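Chain and residue survey
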Amino acid sequence: MKALLLGLALIAPAAAFANQELAQKKNCMACHALDKKLVGPSYKDVAAKYAKEKDAYKKLAEKIQKGGSGVWGPMPMPANAVTPAEAETLAKWVLTIK
Ligand code: HEC
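Each chain carries its own residue numbering, running from 1 in the written order of its sequence. Confidence filtering applies because this is a predicted model: local features only for residues at pLDDT of at least 70, side-chain atom pairs given and counted only at 80 or more, and all residues used for totals across whole chains, interfaces and linings. To obtain the side-chain values, all non-hydrogen atoms of the structure were used and water was disregarded.

As annotated in an unreviewed UniProt entry, the protein chain carries the name C-type cytochrome and comes from Pelomonas lactea.

1. Details of the overall build of the protein chain
This is how it is decided: Numbering goes from the N terminus for both helices and strands, where a helix is a DSSP run of H or I of at least four residues and a strand is a run of E of at least two. Exposed residues in this analysis have more than 50% of their type's maximum accessible area, buried residues have under 20%, and partly exposed residues fall in between, with area computed by a 1.4 Å probe over protein chains only. Only heavy atoms matter for contacts: two residues are in contact if any of them lie within 4.5 Å across the pair. Per-residue and other accessible areas follow the Shrake-Rupley method at a 1.4 Å probe size, with only the shown protein chains counted as cover for residues.
Of the regular secondary structure elements, the protein chain holds five helices and zero strands. Helices and strands in the protein chain line up, N terminus first, as α-α-α-α-α. The buried share of the protein chain, reckoned over its 98 residues, is 29%. The contacts in the protein chain between residues at least 6 apart in sequence include a share of 43% that link residues at least 24 apart. As displayed, the protein chain offers around 6500 Å² of accessible surface, 62% of which is attributable to carbon and sulfur atoms.

2. Focus on helix α2 (residues 15–25)
Here is the rule we go by: What the arc measures is the spread of directions leading from the helix axis to the C-beta atoms.
If you check which residues of α2 are buried, you get A18, N19, L22 and A23. One side of α2 carries all its buried residues, which in axial view fall inside an arc of 145°. Immediately beyond the C-terminal end of α2, within one or two residues, lies N27, with a positive phi of roughly 75°.

3. With respect to the packing of helix α4 (residues 56–66) against helix α5 (residues 84–96)
To be explicit about the condition: An axis is simply a line fitted to the C-alpha atoms; with a helix, the fit covers only the stretch in contact. Between two such axes, the angle follows the N-to-C directions and lies from 0 to 180 degrees. In this scheme, roughly parallel covers angles under 35 degrees and roughly antiparallel covers those over 145, while 65 to 115 is roughly perpendicular and the rest are oblique. Here a crossing is taken to be left-handed if its near helix is turned anticlockwise relative to the far helix by less than a right angle, and right-handed if that turn runs clockwise. Under the convention adopted here, Pro, Cys and the residues Ala, Val, Leu, Ile, Met, Phe, Trp and Tyr are nonpolar, Asp, Glu, Lys and Arg are charged, and Gly plus all remaining residues are polar.
Two elements in contact, α4 and α5, have axes separated by 8 Å at closest approach and are oriented at 125°. By the angle class used here, α4 and α5 are oblique. The element α4 and its partner α5 pack so that their crossing is right-handed. In contact with A56, Y57, L60, A61, I64 and Q65 of α4, α5 contributes P84, A87, E88, L90, A91, K92 and L95. Here the residues of the contact of α4 with α5 are counted per class, giving ten nonpolar, one polar and two charged.

4. A closer look at the coordination of the iron atom of the ligand
As a reminder of what qualifies: We call an atom a donor if it is N, O or S and sits within 2.8 Å of the metal, or 3.2 Å for Na, K and Ca. Water is not counted, so some sites may look partial. Labels for metal geometry use angle windows, namely 85 to 135 degrees for all angles of a four-donor tetrahedral site, and for square planar (four donors) or octahedral (six donors) sites opposite donors over 155 degrees apart plus all others within 65 to 115; sites meeting none of these are irregular.
Distances from the iron atom of the ligand to its protein donors, namely H32 (NE2) and M77 (SD), fall within the range 1.9 to 2.0 Å. Taken together, the six donor atoms surrounding the iron atom of the ligand define angles of 86 to 178° at the centre, an arrangement classified as octahedral. Taken together, the residues span a long stretch of sequence, with H32 in the loop between α2 and α3 (43–49) and M77 in the loop between α4 and α5 at a distance of 45 residues. Judged by its relative accessible area of 10%, H32 is buried.

5. Focus on the site of the ligand
Selection rule: Any residue with a non-hydrogen atom lying within 4 Å of a molecule or strand is treated as near it. Polar contacts, as counted here, are pairs of nitrogen or oxygen atoms within 3.5 Å of one another; within protein the pair requires one atom able to donate a hydrogen and one able to accept it, and residues that are adjacent in sequence qualify only if both atoms are side-chain atoms.
Around the ligand sit 26 residues in total, of which C28, C31, H32, Y50 and M77 are the nearest. Taking H32, its side chain carries an N or O atom lying 2.7 Å from a nitrogen atom of the ligand. In this structure, an oxygen atom belonging to the ligand sits 3.0 Å away from a main-chain N or O atom of V71. Those elements that place two or more of their residues in the shell around the ligand are α3 and α4. The dominant element in the shell around the ligand, judged by the number of residues it contributes, is α4, at three residues.

This is the structure in structure tokens:
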């Protein structure tokens with residue numbers, strides 16, 4: 001199964017799926033859902049909030065890595081165990097969710 005997923009990750013049309021796999025693997029989906037608020041904001045709301053902001057992914061990638069609070073409410077996001085490249089991939093993916 002793992003090999004199959006790795007293989008799929010190399011095929012462009014499967015990219016969105018692969019990114020969601022990464023989010024699941026990194027435990028993001030424990031606090032976030034695509035279209036409803038859980039502990040953190042829904043990814044759809046995040047994408048809408050930053051839709052007009054150029055290079056928003058850079059700011060979000062840093063926050064994904066280091067954690068932070070105060071944008072969506074008092075609940076903080078803890079630092080996540082992701083590499084800078086993974087954080088950037090996840091930030092870009094979140095911004096595509098509608
Ligand atoms: C323990 C719960 C938790 C986990 C795990 C978590 N988040 Fe969050 N996330 C939050 C909370 C709470 C906020 C709102 C923080 C705030 O208001 O500034 C948030 C905010 C965000 C934001 C918006 C940041 C902003 O400044 O607008 C993004 C993007 C995000 N998370 C992505 C991720 C990704 C990707 C992962 C996995 C690597 C992840 N989160 C894991 C709780 C979590």
